[in-house]
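Close look at the chain arrangement
Residues per chain are reported as follows:
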Amino acid sequence: MKRKTVLFCLAALLAAGLAVFFLVRGSQGPGSFRGSCVKSPDSYSLEIEHMTGADSHMLELQAGDALQIRFSPEKGSLKLTITAPDGTEVYTGNGTEAADFTVNLPESGIYTVSVEARNAAGTLRLSAVRR
């Protein structure tokens, strides 16, 4: 009888712990985004009130084109990665070194823009400058 009581208490504690975990995770969890996101064939824009999670967008660009970038994180962690068609990263950063800059593109093809955020707010705008 004592063993059943101990097992029942342990199961109840585990259930309560899991309930708290999922409640907290749901309120701040992966994929939470508040703000606006605009994706077009030659641009990508995020106005972030709050973001935790990841987003990406693909742009078809030509060798010699450039990406004009405005990167203004206001709080939290915000990471931008731009990957070339061959898989090399042409840019990766958190926006603390420069707010407005240009990335020249070495080859033609599909470039992937990836954003990872944790409790972030701020602005990110990329637009293609055709050669």
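Residues numbered from 1 in each chain as written. Predicted model: local features only at pLDDT ≥ 70, side-chain atom pairs only at ≥ 80, totals over all residues. Heavy atoms only, no water.

What follows concerns the side chain of D65. Considering the arrangement of structural elements, one finds D65 in the loop between β2 (43–61) and β3 (66–83). Side chain to side chain, D65 and R130 meet in a polar contact 3.2 Å long. (Helix = DSSP H or I, 4+ residues; strand = E, 2+ residues; numbered from the N terminus. Polar contact = N/O pair within 3.5 Å; in protein donor to acceptor, adjacent residues only side chain to side chain.)

Before going further, it helps to spend a moment on the pairing of β3. As paired strands, β3 and strand β5 (residues 100–104) are joined by five bridges and run antiparallel to one another. Bridging from a neighbouring strand, L67 pairs with V103 of β5. Both β3 and strand β6 (residues 109–129) contribute to a ladder of 16 bridges, which runs antiparallel. Residue pairing for β6: L78 is matched across the bridge by A117. (Pairing = 2+ DSSP bridges.)

Moving on, we come to the confidence of the model for the protein. Scored by pLDDT, the protein has a mean of 85; 79% of the residues are at 70 or more. The least confident element of the protein, judged by mean pLDDT, is helix α1 (residues 2–28) at 53; the most confident is β2 at 97. Contacts for the low-pLDDT stretch residues 20–29, under 50 throughout, to residues beyond four places or in other chains number four contacts. (pLDDT = per-residue confidence, 0-100. Contact = heavy atoms within 4.5 Å.)

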